[in-house]
Amino acid sequence: MTVTEPDNAQATPVELVALTIDDVEVSVPKGTLVIRAAEVIGTEVPRFCDHPLLAPVGACRQCLVEVPDAGNGRPMPKPQASCTLEVAPGMVVRTQLTSDVAAKAQEGILEFLLANHPLDCPVCDKGGECPLQNQSLSHGHAESRFIETKRLFAKPLSLSANVLLDRERCVLCQRCTRFQSEIAGDPFIALLERGAQQQIGIAEGVPFGSYFSGNTIQICPVGALTSEDYRFRSRPFDLVSVPSIAEHDACGAAIRVDYRRGKVMRRLAGDDPEVNEEWITDKDRFAFTWSRQEDRLTTPLVRNQQTGELEPSSWPGALAVAARGLASAAGKAVLTGGRLTAEDAYAYAKFARVALGTNNIDFRSRAMSKEETDFLGAKVAGTPVTVSYADLEAASTVVLVGLEPEDEAGTLFLRLRKAATQFGVKVVAISSHTTRGLKKVNAELIATVPGEEPAALEALELDSSAVILAGERLATVAGALSAVAAKSEATGARFAWVPRRAGDRSALDAGCLPTLLPGGRPVSLADARADIAAAWNVPNVPDTAGLDTDAIIAAATAGELGALVIGGVELADLADPAAARAAIEAVGFVVSLEVRQSEVTELADVVLPVAPPAEKAGTFVNWEGRHRRFEKVLAESAALPDVRVLAGIAEELGRPIGIKTTDQAASELAELNDWDGKRAAFRSRKQSAAKPVAKKVVVSTWKQLIDGGRGQDGAEAYSATARSSVLRASAQTLTTFGVEPGAEATVTGPAGSVAFVAEVADLPDGVVWLPSNSGVNLGAVVGVGHGGKVTLAGGKA
Amino acid sequence: MTDTLTPVLSANWGDERAWTLAAYTERGGYQGLTKALAMEPDAIINEVKESGLRGRGGAGFPTGMKWGFIPQDNPNPKYLVVNADESEPGTCKDIPLMMANPHVLVEGVIIASRAIRANYAFIYVRGEVLHVIRRLRAAVREAYEAGHLGKDIHGSGYDLDLVIHAGAGAYICGEETALLDSLEGRRGQPRLRPPFPAVAGLYASPTVVNNVESVASVPGIILGGADWFGSMGTEKSRGHGIFSLSGHVAKPGQYEAPFGITLRELLDLGGGMRPGSELKFWTPGGSSTPILTAEHLDVPLDFEAVGAAGSMLGTRALQIFDQTTSVVRAVLRWTEFYKHESCGKCTPCREGTWWLAQTLRRMDQGKGQPGDIELLLDLCDNILGRAFCALGDGATSPITSAIEYFREEFEASMTTPSWELFPPSASTLFAKEGV
């Protein structure tokens, strides 16, 4: 059950109201509900429908208390639901502890709730952590007087492919429906029928397709809602719970990981009022089986030069081979991907400089630009938190540019929705069309052709209380990040860079960029280099800017790279997967640090298995810049973090990096502090002149939350709730290109063609929206990304 | 205290085609409107306050005071909603009124809307009474054609649109906040209060929800004056009201009489009990009001006296039961109704009525067990005052009052089915034997 601490962190003085509960005087902020005032003195009034983050409803009647004095000298004639009753000065409240009336009322309600309840606790997933079970023990009768017939329902009822409902267990508290309508904005479940036949249900043919549906399972105070993945899998008392941080996006949502016998059984939302409150996305909750698929790497692999096959090897052997290959190569580079913890990213950054002697390192395994490199170095890397989740609620306007929060940052989306619906914050979206997510934050759309985001941002009137949230695909739009910086400077509006991956910001701050050393220190500045060299106890660090991702791939393709160290990169994520593959094939020696087999490990000469987040400790730095430390969940796992593996290679190279453990990396990183010296100047870029290409359309694209990403492997029921993969365009565009709405349309780009079902939406003419990786990897199959140009035709190619 | 009938709303029911605008106007209809259009809105509210008119839907809240609660400085539109979702077992006053005299309601709506400065009004009619809905719609059409509704009514500058809304047949939608949810197109379940409808009702705007008979009484008050209205009834329950006599009486029907009339007087007016029968128990205001017995024949039927007698005046739905009736069976039927109509929102009403009905069914079948009566009383105690809205309370009234007056019949249910003690055929209107 949910018990909240009163919020003591209020900056402004609040008006206090004094009342008496169970003969104890207590002062609480005006507007506090009696049920929470009672918590302040340590009295827990039993409850089911009440939830501190949902609007009061007073439906279950479990929290009845007696009010002998309403504050006006008169008693309230009936017991009152303490979850809907606000405190009043001089009010006298008696809970079950001091009032026979309240105690009997509560016992009566519990008896009613159990009358139609199946009492199947021994086989119920909730048994052992069930508010109904707990409160029946603490506040109920030991024996029921109910000898009549219970109502029966067919069960379970699939609300979606993933969420199942047991209507017999349901106590109709409406927490799930209220969460969906109030918080998620996806009211796909509702009460149906009436009386004892009342039940939760979905509209015919409209499944419970919400990205946040799993939260309803967690807040269900009984075992009525279960997930396909977890039901009947384990009992709460067999699980070990460890707090952690979700690894699927840059939000840093707090989660709780429950495991049993070395295997994660489920994940729940953690309670962090500053970040995710009590909510997480379904991806955070259900996508955790990816690291235990059959292709999990368990032992180092070394390529047999005779057979050309990867063969299992000992750790010392593999590290020695890796070191030999790296030592003998001319031209080295490191690609780190965006999924690393801050500690591991720091190890790569230090490894590149100290062990390999190069600044050729980049965490961006995706479309990137030099403008982005400069922007991140000058404006983002190693800066303190300037925009927080709470700041969104206080902003006058939040501008979204190059960012679709519901798909790309679900926790941020929920907070933005709260800001918009509860605090009246205006949301302005510079995007191609009004998505479902944008509707739910009441966003005003500035319909923009991909590539023209800078002009759209330029034209906005903002004041200093506005916040600009810039998504990572702005890297693909010339002038966009320049426009963000310029707008912020001109208006005083704050901005935040919202990347897509959990480790993007960590890697940036740790120095996984060719122009940046840890803490935002520019490679180009001698004192910054000297600072780092001193800290690392090395004579110097490389003084020229290294190669970025695109340049590394270009150099590799040109045969200029002798060795490449790759950690956690999926080729399919890169701007041109085919070119990246060719590039890696052209590199003489490739070392891959990976959790599972991948396209990269297949090409590597040495493959070194590393630990997924559940099997190591670490820190993700989220989009705010907030450090989200988490501990190792699966204590039994012997998998090594990247830092340990890199330390081993460095030892073999004879150029040790001085850190071997996550804790050492963390403390060294903390001692470095953020750079407080000069930063590289940011040179502003201009928007590219629009070059309309006849008979082509511009692509707007991003990745949907539930898509083909490998981080979701194994979560089949969850994956089945993905949104359908469609092409969206204006009616005019569809007509122009001979596409029937609802029929298939084919887009063709440099790499090939793919067909989608077409749907009309409010895009500017000449623009189509496509999902980046829902069934089809757009970059690999069509060869385009955001802002790319394709031909469009009706029918299936 | 007068003992004669006071037909006001029902005065024209016998007229030829009484429901037409022509017939209504012939009798002086819409003169109240003419007078009201010349009055300041606050003056209309004052007149209704002065009259002492209390809500005719059962609770008896002063109508004028309710209108006065509407915050006129609220920038949102104001709404008048007429609760015509008459669904209480035994209650049958509004439907015949709307059937026979729809224009008095329409006229009342216009005057009341002007008083609270509403430009939209709604009559929410229970969906089952399609004939009434048709009749109301015809009356509204006539009123529009005559210029009583629409823009700039009779040159007064006042605009009003009136919508007849058909409910979907749920007892809960007679609860005013559930009615508002239903009217908004949502699932009809009661809302949390505060905010009260006067502050945030329909579409979160100030709203008055009045019963049909309350609103229909307004034209008379405006035309006849508060003093005329107050000359009828008792000091605190003034005016005329429709008393619906049903059950084992010689002449069931609607009797419009001053508040404070007694059942004995009404039975006299209605020709007494049916031949050969004697009064066993009765409800003063529908099934949600605790039953009374022959000892209460002389209780004045006003809010205060019926309350003092341990019941509630309610909707003046006088259901009369004679000695052929099994109390257990009657209470079971009512409880089945509450179980069927419980909206399901709150636990005690939803689960409690499910439980009560099953226990009573057993008792009705003679399968009662020792302790069942105490169980029934305790379950009722756990529902009464614990439910979200008054409907849960109402479900307990017949049970607790029946056990109070007829405990021995419940005790008999431990051994004997009700149909043996009280053969149902004897209770029918057409019974030849057993009476």
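Remember, predicted model here, so these are calculated numbers, not experimental data.

A. The arrangement of the overall build of chain B in detail. Looking only at helices and strands, one finds 19 helices and 9 strands in chain B. In terms of C-alpha radius of gyration, chain B reaches 22 Å, essentially the compact-globule figure of 22 Å for 435 residues. Relative to its full complement of 435 residues, chain B shows a buried share of 57%. Restricting to contacts in chain B with at least 6 residues of sequence separation, those with at least 24 account for 71%.

B. Here's a closer look at the overall build of chain A. Within chain A one finds 25 helices and 35 strands. For chain A, whose C-alpha radius of gyration is 28 Å, the value lies close to the compact-globule estimate of 28 Å for 797 residues. Summarising its shape, the C-alpha atoms of chain A cover approximately 85 × 60 × 55 Å along the three principal directions. Put simply, of all contacts in chain A between residues at least 6 apart along the chain, 71% involve residues at least 24 apart.

C. Inspection of the sheet that holds strand β13 (residues 263-269) of chain A at higher detail. Residue and element names in this part refer to chain A. As summarised here, the arrangement of the 3 strands in space is β11-β12-β13, forming an open sheet in which the pairing is antiparallel. Across the chains shown, the open sheet's two edge strands, defined by having one partner strand only, are β11 (240-245) and β13. Across this sheet, the average inter-strand angle for adjacent strands is 30°, counted without regard to direction. For strand β12 (residues 254-260) and β13, the ladder comprises 6 bridges, and the chain directions are antiparallel. By the bridge assignment for β13, Asp 258 is matched with Arg 266.

D. Inspection of the sheet that holds strand β9 (residues 317-322) of chain B at higher detail. Ordered in space as β6-β5-β9-β7-β8 (chain B), the 5 strands form an open sheet in which the pairing is mixed. Two strands bound the open sheet, and with one partner strand each, they are β6 (253-258) and β8 (292-293) of chain B.

E. Quick peek at the packing of helix α6 (residues 102-116) of chain B against helix α7 (residues 130-145) of chain B. All names here are of chain B. Here α6 crosses α7 at 55°, and the two axes come no closer than 9 Å. When the interaxial angle is binned, α6 and α7 end up oblique. In this structure, α6 meets α7 at a crossing whose hand is right-handed. Along the contact surface, α6 presents Pro 102, His 103 and Val 106, while α7 presents Arg 135, Leu 136, Ala 139, Val 140 and Ala 143.

F. How the structure looks around the nonpolar core. Counting residues in each nonpolar core, the largest one holds 355 residues, and the members touching the most others are Tyr348(A), Val398(A), Ala470(A), Leu564(A), Val81(B) and Val109(B). Dropping the residues within four chain positions of it, Leu564(A) is found in contact with Ala333(A), Leu335(A), Ala556(A), Ile584(A), Val587(A) and Val590(A).

G. Main features of the domain arrangement of chain A. Residue and element names in this part refer to chain A. For chain A, the assigned domains are domain 1 (16-112), domain 2 (154-288), domain 3 (301-363 + 504-672), domain 4 (384-498) and domain 5 (697-794). With 15 residues of domain 4 at the contact, the number on the domain 5 side is 17 residues. Of the residues forming the side of domain 4 that touches domain 5, the biggest block, 3 residues, is contributed by helix α11 (residues 405-408). Along the lines of polarity and charge, the residues of the side of domain 4 that touches domain 5 split into 4 nonpolar, 6 polar and 5 charged.

H. Just unusual backbone geometry, in detail. At the junction of Arg193(B) and Pro194(B), the peptide bond is cis and its omega measures out at -5° in the coordinates. Residue placement: Pro194(B) occurs in the loop between α8 (176-183) and α9 (197-200). With an omega of 5°, the peptide bond running from Pro194(B) to Pro195(B) counts as cis. Positive phi values are uncommon outside glycine, yet Arg261(A) reaches one of about 45°. With respect to the helices and strands, the residue Arg261(A) is situated in the loop between β12 and β13. Look at Arg261(A) and you get exposed, because 11 C-beta atoms sit within 10 Å. Located in the positive-phi region is Tyr203(B), a residue other than glycine, with phi close to 50°.

I. Region of the structure containing the environment of Lys35(B). Residues and elements named next belong to chain B. Along the chain, the position of Lys 35 falls in helix α2 (residues 31-37). On the basis of neighbour count, Lys 35 is assigned to the partly exposed category, with 16 C-beta atoms found within 10 Å. Distance in space between the C-alpha atoms of Lys 35 and Ile 222 is 7.2 Å, their sequence separation being 187 residues. Each residue touching Lys 35, except ones within four places of it in the same chain, is listed here: Ile 222 and Leu 223.

J. A look at the interface of chain B and chain A. The interface is formed by 24 residues belonging to chain B together with 27 residues belonging to chain A. Contributions of two or more residues to the side of chain B that touches chain A are made by α14 (327-341), α15 (347-364) and α16 (372-383) of chain B. Residue contributions to the side of chain B that touches chain A peak at 9 residues, all from α15(B). Its residues assigned to classes, the side of chain B that touches chain A comprises 9 nonpolar, 9 polar and 6 charged.

K. Fine view of the pairing of strand β2 (residues 118-125) of chain B. Residue and element names in this part refer to chain B. Taken across its 8 residues, β2 has 6 buried, putting it largely inside the fold. One ladder, built from 7 bridges, connects strand β1 (residues 78-84) with β2; its direction is parallel. Each bridged residue has a counterpart across the sheet, and for Leu 80 the counterpart in β2 is Ala 121. Here 6 bridges tie β2 to strand β3 (residues 161-166), and the two strands are oriented parallel to one another. Across the sheet, the residue bridging to Tyr 124 is His 165, located in β3. In this fold, the crossover linking β2 to β3 by way of α7 has right-handed handedness.

L. Seen up close, the pairing of strand β32 (residues 744-748) of chain A. Residue and element names in this part refer to chain A. Across 5 bridges, the pairing between β32 and strand β33 (residues 753-760) is antiparallel. If you follow Val 747 over to β33, its bridge partner there is Val 754. Between β32 and β33, which pair antiparallel in sequence order, lie 4 residues; one of them, Gly 752, sits at a positive phi of approximately 160°.

M. Representation of the environment of Phe69(B) within the structure. Residue position: Phe69(B) is located in the loop between α4 (63-68) and β1. Note: C-alpha distance between Phe69(B) and Gly286(B) (217 residues apart in sequence) is 28 Å.

N. Main features of the packing of α15(B) against helix α17 (residues 390-412) of chain B. All names here are of chain B. With their axes 10 Å apart at the nearest point, α15 and α17 run at an angle of 25° to one another. Taken together, the axis directions place α15 and α17 in an arrangement best described as roughly parallel. Relative to α17, the crossing made by α15 is left-handed. Between α15, through Pro 348, Cys 349, Thr 353, Leu 356 and Met 363, and α17, the contact on the second element is made entirely by Leu 391, Gly 392, Ala 395, Ile 399 and Phe 410. Among the residues forming the contact of α15 with α17, the class breakdown is 8 nonpolar, 2 polar and no charged.

O. Spotlight on α6(B). The terminal C-alpha atoms of α6(B) lie 21 Å apart, and with 15 residues this matches the ideal 21 Å at 1.5 Å per residue to within 8%. Buried residues dominate α6(B), accounting for 15 of its 15 residues.

P. View of α15(B). Residues and elements named next belong to chain B. Taking 1.5 Å of rise per residue, 18 residues should cover 26 Å, and α15 covers 25 Å from first to last C-alpha, within 8% of that figure. Of all 18 residues in α15, 15 are buried, a share of seventy percent or more. Following α15 by one or two positions, Gly 366 has its phi on the positive side, about 80°.

Q. Spatial organisation of the domain arrangement of chain B. All names here are of chain B. Taken as a whole, chain B is organised into domain 1 (21-226), domain 2 (240-322) and domain 3 (327-426). Averaged C-alpha coordinates put domain 1 and domain 2 at centres separated by 27 Å. Between domain 1 and domain 2, the contact holds 14 residues from the first and 17 residues from the second. Taken together, the residues of the side of domain 1 that touches domain 2 break down into 4 nonpolar, 5 polar and 5 charged.

Criteria and cut-off values
- Residues numbered from 1 in each chain as written.
- Chains lettered and ligands numbered in written order.
- Predicted model: local features only at pLDDT ≥ 70, side-chain atom pairs only at ≥ 80, totals over all residues.
- Helix = DSSP H or I, 4+ residues; strand = E, 2+ residues; numbered from the N terminus.
- Rg over C-alpha atoms; globule rule 2.2 N^0.38 Å.
- Buried ≥ 20, exposed ≤ 12 C-beta atoms within 10 Å, placed from the backbone.
- Contact = placed C-beta atoms within 7 Å.
- Pairing = 2+ DSSP bridges.
- Axes fitted to C-alpha atoms, helices over the stretch in contact; angles between N-to-C directions.
- Parallel < 35°, antiparallel > 145°, perpendicular 65-115°, else oblique.
- Left-handed = near helix turned anticlockwise from the far one by under 90°.
- Core = buried A, V, L, I, M, F, W, Y, C linked by C-beta atoms within 7 Å.
- Domains from an automatic or database assignment.
- Nonpolar A, V, L, I, M, F, W, Y, C, P; charged D, E, K, R; others polar.
- Right-handed = clockwise from strand over helix to strand, strands pointing away.
- Expected span 1.5 Å × (residues − 1).

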